[in-house]
Structures are given as C-alpha cells and as structure tokens.
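Letter by letter, the chains look like this.
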Amino acid sequence: MKLHLLEHRNQGGYVSFGTCWNRGEAETEDFVIWNENGNEVSAQNEVAARWPDGSVKWARHTADSEKLGAQILVQPGKTAVRERPLSTEEEDGGFVIDAGRIRLFVPKAGGSVLAEQITFDGELRMKSIQPVFELEHQKEEDGCRVSRVISCQCRIDQVELETAGPVICVVKYQGVFCRETNRMPFTIRMTVGQDSDELKWEHTFFYNGVEERDFLKGMGIRFDAALTGKPWNRHIKLGTDYGNLHEMAMYLYSYHPRTPVELRQMQKRGELIACSDGSEMGKLAEEAAKDLPVWNRYVLTQVAHNGYQIGKQTKKECCLLDIESGNRAPGTMAVAGENGGILVGVKDFWQRFPSGLEVDGLASETTSCYAWFYSPQAQAMDYRHYDTRAYQLSNYEGYPEFGASANGIGVTSECFVRLTSALPSDEEFSAFTKRTQKPAVYVADPEAYYEKRAFGFWSLPCRNTEQEQRLERMLEQAVAFYQKELDCRSWYGLYNYGDFMHSYDEVRHCWKYDFGGCAWHNTELVPTYWLWLYFMRTGREDVFTLAEAMSRHCSETDVYHLGAWKGIGSRHNVRHWGCPCKEPRVSMAGHHRPLYYLTGDRRLGDYFDEVVCAPESLANITHFYGSGELEHSLLVRTGPDWAAFVSDWMTAYERTLDETYRQKILRGVKGILAAPMKLGSGPSFCFDPVTGDMEYCGEFVENIHLTLCMGGPQIWLEAAEAIDCEELYQLAADYGKQYLMTDEERQAAYGQLCEGKRYGMSYVSAGISAFGAWKNQDVQLANRAWQTLMDASPCHHNPDGFAEEVYETAASGMERREIPWISTNYVSQWCLNIIMALEFIRESLPPAEEWDLCAAQKKQIPK
C-alpha cells in the first residue's frame, strides 16, 4: 500500500499510521516499509483489526518520520533492518528504558513521578517529570462566593509498558490527580522512539468532582530540566504569532560597568559567554552580573482563542511584568543552558485555550518547565449547568428530569518534548513549532481506500456532468462554511474545540448557543461520518484537521468514561454534558473509527473498550430505556440504539476476534428477521444487554427517521462485511425500499402494522434506499432516492446552494455573513446521503434541469 505525507503536515519525531488490507493479503504483523529513496525503514508493526478469517484488515505502523520522507510503500513481509533495538529492563523500583540517545527511569506505581533521570547522549537533561493539577474550591459564605486554590498531589496506581520495542516504547500510566480524596482520574501515555530526541505525551483527564465546589484551576505536566551555566547563558524562546520571542535569565545590559552592544548581540545569537577562558567579554559579563536582575520565571497564557499574554518575574514576591501580548501563540517553548536544554510544544494550543507555557527557576539548579493544558493564570473551569432545571418542551431538552452532570467526562491533550544539546536556532525552533501545530500524518490516496472499501460504502468525486459538478461544489461549500464558522463564531476552548453548533437563530444572527437542545451538536445526525467520508473521498488535509478535532472532542467530552453512565454519551445541549438524555448513539465507535485506524491512536483503543459497556449501562437510564417484557430486558430502538451497539461490537470483534461480540450482532439480526417488518418494525424491541437478543414486542407510533439518521445505514453496511453477515445486507436493502414506499404501497404490504408511523425527513433514507436500488436493480427506487435529495436540496433556499448572505456591514466596510436557514443536522445528513447515493445510483442521477425545476418550487426542507 502506498502512502504519502499529508499536505501541510510536517516531518519530525516518530509517527503512527495505518494501512488497510483485503482478506488474505496479509496474515501476520510482519511488514516492510520503503521510503521514496528505496531504503527500508525500521518500523514497529501491530495488527489493529482482523477479518473473520484471521487475516489482517488494518495494521498500525510506527516509524521515524524523518526517515520515512514524503512517500512510502508498505508491504507484507519480513524486515531486513537490524538496527540496535530499544531496550527495557525491569528493576526493583521500576523500568529502565534505553532508547539510544534518550535513557530514562520509570518508577513503579505508588508515587507521583512519571519518569526521572532522563539523559540525552549520556548527559542528564531532565531530573524528573510529573503531572501537576490544581483545584479551586468554591462555596457560598455569608452571602459571598469564596474560593481557595488547592495544589493536588497525584498518585500513580498503574504503570504498564503497553508496547516495548524494538522501535518504540509506550508507557501507560493510570491514577488520580487528587491523592487525598481519590478523585480526578487520569490516563497518561509517554512514547519514546529508538535514537529519537523526543518524548511524546498524551494526557487524558476525567472529571469526577462536586460541580458546585470543584473547579479546575490548573492542569499539565512539569518537566524539571537540569540546566547548567551562568544566568546570562540561560535562554528561553517562546513561539508567538509574529515569530519567536528570545529572552535570557540575565540580559547583559549595564550602565556601570558599561557593557558593549556586541556582548548583548552574542547573547541574542545564543553564543556561550564563558568566564573561564579569560576573555574580555567573559570578564565584563561576570562583573556586570553582580548588579543585574535575574528573571527566573516566564509565563505565556493563551487566555482566549484570539489573545495571549507573556510576562516575566524575578521572585515570587514580586510582580509579573508584562512583556507583550498577541493573538494566537503556537504553543512552543525552548529552554536551554550551557549544556543544552529542552523544547516543549503543546498541540492545538490556542484552539484549546486557556492553555499556557511556563518556566520557573530559569537560572536555578532545577529549572521547572510547565506544559499547561489548563493554565492556572486563567479563571477556573466551571462545570455547573446553566440552570437548576431542565426545559423539555420549550427548549427541546428531551426529558423533564434534570440530567446535567460532568462527572465522568474526559478531555485529552497532547504535547511534545524534544531534548537538545544546545539552544536551538530560530530556524530549528520554527521547524519544531510547525510540526507541533501540524504533526506528520501519513495516508493513502482516496482511490486506494475506495478499492478496499475502507469504512464502508462511499463515492469518489466525479465531475463528468453538469449536475455532478454542482453536487461536488455544494459538498465543498458545506465544508468551507463550517470551517469559516469555526473561526467566526469562536468555537474554541479546551472543552469545546472540535464540536459544531446545532441550529441557527436567523433573528439574532447567531447560533442557538443558549437554547437547550439546539446549542452544541454532540454528534447529532453524525457530522462525524459526513466529515470523515468527505476526507476519505478527497484526501484534503484541512478536512482531516476538522474531522480529527471533532473526533477528539466528541469521544472525550460528550461521553461518560466512568460511573453509572460509562460508555454512553449526552445528547446535544448548551453544555456538552447538560441534556437529561444519555444515549449510546452519541458514544458509538463508528464516529471515530477513521481516526483510530488511520493514525493508530491508542487513546481511542481505550475508548472502544469503554463503549462496549454501553448496553449494560442502559439499565441505569430506565426513564428513557424502559424495561422490556422479558426478564432483564430493555426497550431499545433498531436505530439509533441497536445500530450503535452493532458499531461497538463490530469494532470490538475485529480488534480481538472475540466471537462473543459477533454472536451478539447475529442474535440481534435473528430477532429482527423474525419481526413482521424487519428493520422497519418497532422501532423498539425487547433487548437483552448481555446476549444481544432482540425480540419483537409490537409496533410503536414514533418518528421512524431516527432509525436512519444517526448512522444506522453506514453501520449496518460496514458491519455486514466485517462479520460476514449477508442477512444484514438484505435487511438494509429491504428497509431502504420500505422507507420510500407510498402510504398505499406500505398499507398493501403491511396492513395496519405501519399505521400512525411517521416516515419523515425522507432524504435521510436516500443512502440506504440507493443501496437497496443497487442491490436489487430497482430503477424506481433509485429514482425515488434521488427525488428525496432533490426535494431537500439547499437550492430551495438559495440557487447557489450553501451560499452565504450578507446580513450586516460595519462602518469599516467589513461584511458579516450567514446562512440564515442552516442546520447542522440537515447539512450532515444531506451531504452524507449524497456521498452514498453517488456511489450506488450515479447512473440514475437526474440532469441539472430537473434539479432546477424542483428547486424552483421553494419547498420547505425538514431539518
């Protein structure tokens, strides 16, 4: 399989990436990787997923991106590379990891230190690395809100060498940030590669405090560097939005003794000014240093997505002196002494504000460098809800019960730490900044994924006809609109970045950010599938970035990772965890399979293990999933509930080949096949969360579109192939036809079974109906599928499709734009169904003239 470095992505450090294989193409984890120069590259290979016959479906590869280059070829086979392997050795108190250039000690569980005695090329570079965490306790006292900041000591409960050599070692730590109260769990991963100069960190925090009291004040990792040398040879560089800020612990600018400009220029160039060599400059420096301030502490805080501040301080009892402020800091820092130092970079730094970088003790024996994922300089994070009650009917909040709870949600942050033997040049530092912001990602061309049907059925772009050109342009418009909205509407922040808003308020010219169930989207109607499949068909880096951020956010903050609701997510709301409806369709694995398999993301492996608990957790939500007639059963819908479980079980099965998961799907299929309308029955069935059995228990008057618009068609079609279940293909095809029957046709086929059911939003069925038309060569059904998409075309609102309109022009002449009728639900489903329909029934695509005639009718689109 051929892969390439995604455009606008930067080489540097080790990178993991995935390859997919047809059945029987690869049998083991043995692969050979060649770079564009024809040289074999040493890599660590793992099987990420298997076909039912045991052959490899997806593989994970990890290698040095500098050696990979821009183009690579991956083939099954035994490697001939025999480099010195990374080694790990267990000792009484922990593990010694020798990766060549980097050597370090990882203590065993029980303490608070992640790693210590980190040497680089044989010299001590860092003394220790440990998490830092601060809470702000707030309470009402005598009518006033009082607060107290608590610096918590963590406890590492488990240390696991998740993978150990020969090319990389991944250490997984689990514990709690608050040792005394046994609260605030974390999972942290450290990755070190053979002969690499870098450590990669992945940091996941799970909130489980008292929301009215426990506010997050600070969270990050502290790196205690062992710098040497005089204060004037201690340097710090910070990335800014105009370049690099370069400062020293002591700037050699003195009136008496008078220091020449050449001395300060030497400092600015990072040249060593030594006293021991007897030079004139060295003597001047030593003399001037007797009466110059030492700036020991530097702090950069990204206070908002469009504002950062930098300050410095001599002593803790003195002021933090403002240096400068700016717009968007890239999140990189270099700290060095005479013996070298470290570079620290935080990914998505300004996007996930309030973040920070800090160095304390720049001129001291121990120089503490902080990567703040939540800066303590910012206002504490408030997890409370926006009100003390729910607004079910007026604000679309689902149920009257108050269900807002942040207990169990998570957030994952990433940072890189590079060790160096000298102060990096501006060019080296800028290169590190670029790769921190846009690290390497290796992918194949869309055609390669398409041929292997990666992630199910989807179409490649084709512009042979006028209408094909129009549809591709509208798909491009939709993505471009949300890319602009992300910035224009400031959809940023540690707990927000990656999500979209749900519905638009054309009166206030803003999204319904404060309106119950219409604010944050939380995967409603699967924008994840829309974005990921659009990336798969285009290979665009900007789309990958958008989808990656959405998957990272939705898999963490919108889902419960512990407690009674483990493995279940929260429906759309003003706060991501605010809705009383807790549903498995929010958390299902299908949303994030592309990110996992394309990049080998290990945190998502944990996540997939969590969501298989969703069926059992439903028992704790009986007000929503009422008990079924059978013992221990619940009432769940074929879609989105059972479809979500199929997604989770399919993923668990292909990752483990544990037949239990496959049988759960097959037992559910068997029960649905026995129902009179198959997938169109119910939609609620009696469901056994242990066995997966689905038993028909009658018809319910419900909005049937919910069975299709939450990813059901995509899941069923992908699962049918993944577990070898032809019946699931047929169920999907039959349901696609059934959904687009006329009322008379349904009545003739099923009688009173479908009486009272509402088959609304018919365009959400276009993809599965197109599949049914393709599978059964049904021309009438193909025409009906296209008609539903024409009836729902954005051209009913604007002849130019997803085109923005000017609603205000400022005095400066700047125009403010909107799509007043927009809904993320609608955009996600219309685009997703267009992508599927073009795959199955492209030859039946009506000409542009028919689309124009339909759009001229100005139909109201159900959203």
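In the block above lies the structure referred to throughout.
Asks: I would appreciate a short explanation of the overall build of the protein in the present structure.
Replies: A tally of regular secondary structure across the protein gives 22 helices and 38 strands. The C-alpha radius of gyration computed for the protein amounts to 29 Å, which stays within 12% of the reference 29 Å derived for 863 residues, consistent with globular compactness. Counting only residues that meet the buried cut, the protein has 62% of its 863 residues in that class. Pairs at least 24 residues apart make up 67% of the contacts formed inside the protein by residues separated by at least 6 positions. Element-wise, carbon and sulfur atoms account for 47% of the exposed surface of the protein, whose accessible area totals about 31,600 Å². Put simply, the protein has 88 plus and 122 minus side-chain charges, and the middle of one group is 2 Å from the middle of the other.

Asks: Hey, could you run me through the environment of E850 in this one?
Replies: Looking at where E850 falls in the secondary structure, it is placed in helix α22 (residues 848-855). Given the relative accessible area of 40%, E850 is considered partly exposed. E850 sits 423 residues away from E427 along the chain, and the two C-alpha atoms are 57 Å apart.

Asks: Would you mind showing me how to read the pattern of salt bridges here?
Replies: A side chain of one charge can pair with a side chain of the opposite charge when the charged atoms of the two come close. Throughout the structure, instances matching the rule amount to 70 salt bridges. Among the ionic pairs, R9 bridges to E541, the shortest N-O distance being 2.9 Å. A residue pair is termed long-range when its members are at least 10 positions apart, and R9 in the loop between β1 (2-5) and β2 (14-20) and E541 in helix α9 (residues 541-554) qualify at 532 residues. The same class applies to R9 and to E541, which are both buried. Through salt bridges with shared partners, a single ionic network connects E162, K172, R189, K200, E202, E414, R552, E556, D601, R603, D606 and E610.

Asks: Explain the packing of aromatic side chains to me, please; I cannot follow it from the model alone.
Replies: Within this structure, the stated rule accounts for 55 aromatic pairs. Relative to F771, the ring of F457 lies with its centre 5.9 Å away and its plane at 50°, an arrangement referred to as tilted. Of this pair, F457 sits in the loop between α6 (446-451) and α7 (466-488) while F771 sits in helix α19 (residues 766-776); the two residues are 314 residues apart in sequence, bridging distant segments of the chain. Like F457, the residue F771 is buried in the burial classification. Ring geometry for F457 versus F840: centroids 5.1 Å apart, planes at 50°, classification tilted. Of this pair, F457 sits in the loop between α6 and α7 while F840 sits in helix α21 (residues 824-840); the two residues are 383 residues apart in sequence, bridging distant segments of the chain. Per residue, the accessibility class of F457 equals that of F840, and both read buried. Connected via pairs of aromatic rings, a cluster forms that spans F481, Y482, W491, F500, Y504, W511 and W530.

Asks: How do you make sense of the environment of T79 when you look at a structure like this?
Replies: Here T79 lies in the loop between β7 (71-76) and β8 (87-91). Residues T79 and P584, spaced 505 residues apart in sequence, show a C-alpha to C-alpha distance of 42 Å. If we ignore the near neighbours within four places in the chain, the residues touching T79 are F31, V32 and E40. Here E40 takes part through its side chain, which lies 2.3 Å from a polar atom of the side chain of T79.

Asks: Got a minute to help me understand the pairing of β7 in this structure?
Replies: Sheet faces and side chains relate simply in a regular strand, where the side chains alternate between the two faces. Relative to β7, β1 runs antiparallel, the two sharing three bridges. Considered in β7, the bridge of L3 is made with I72. In terms of strand pairing, strand β3 (residues 31-35) meets β7 through five bridges, oriented antiparallel. Looking at the pairing, W34 lines up with L73 of β7.

Asks: So what exactly am I meant to see when it comes to the side chain of E211 here?
Replies: Among the structural elements, E211 can be located in the loop between β17 (198-206) and β18 (214-225). For the buried E211, no salt bridge is present, and the opposite-charge side chain at shortest range is R575, 7.3 Å distant. Ignoring anything within four residues of it in the chain, the contact list for E211 reads Y383, R384, A404, S405, A406 and N407.

The rules we used
- Each chain carries its own residue numbering, running from 1 in the direction its sequence is written.
- Only residues with pLDDT of 70 or above have their local features reported here, since the model is predicted, and side-chain atom pairs are shown and tallied only from 80 upward, although totals for entire chains, interfaces and linings are computed over all residues.
- Side-chain numbers here rest on the full set of heavy atoms in the structure, without hydrogens or water.
- Strands here are runs of E lasting at least two residues and helices are runs of H or I lasting at least four, both read from the DSSP assignment and numbered beginning at the N terminus.
- We compute the radius of gyration from the C-alpha atoms alone; for a globule the expected value is 2.2 Å times N to the 0.38, where N is the number of residues.
- Relative accessibility decides the category of a residue: with a 1.4 Å probe and only protein chains considered, values under 20% of the type maximum give buried, values over 50% give exposed, and everything between is partly exposed.
- It only takes one pair of heavy atoms within 4.5 Å for two residues to be counted as in contact.
- Only the protein chains shown count as cover for residues, and all accessible areas are computed by the Shrake-Rupley method using a 1.4 Å probe.
- In this charge count, Lys and Arg are treated as positive and Asp and Glu as negative; neither His nor the chain ends contribute.
- Working definition for charges: the position is that of NZ of Lys, CZ of Arg, CG of Asp or CD of Glu.
- Salt bridge criterion: a side-chain nitrogen from Lys or Arg within 4 Å of a carboxyl oxygen from Asp or Glu.
- Ring pairs are drawn from Phe, Tyr and Trp, using the six-membered ring of Trp, whenever the two centres fall within 6.5 Å, and their geometry is named by plane angle: stacked under 30 degrees, edge-to-face over 60, tilted for the rest.
- Under this definition, polar contacts are N or O atom pairs within 3.5 Å; protein pairs additionally need one hydrogen-donor-capable and one acceptor-capable atom, and for neighbouring residues in sequence, both atoms have to be side-chain atoms.
- Pairing between two strands is assigned when DSSP locates at least 2 bridges connecting them.

Everything listed here is a matter of geometry and, on its own, says nothing about what the molecule does.
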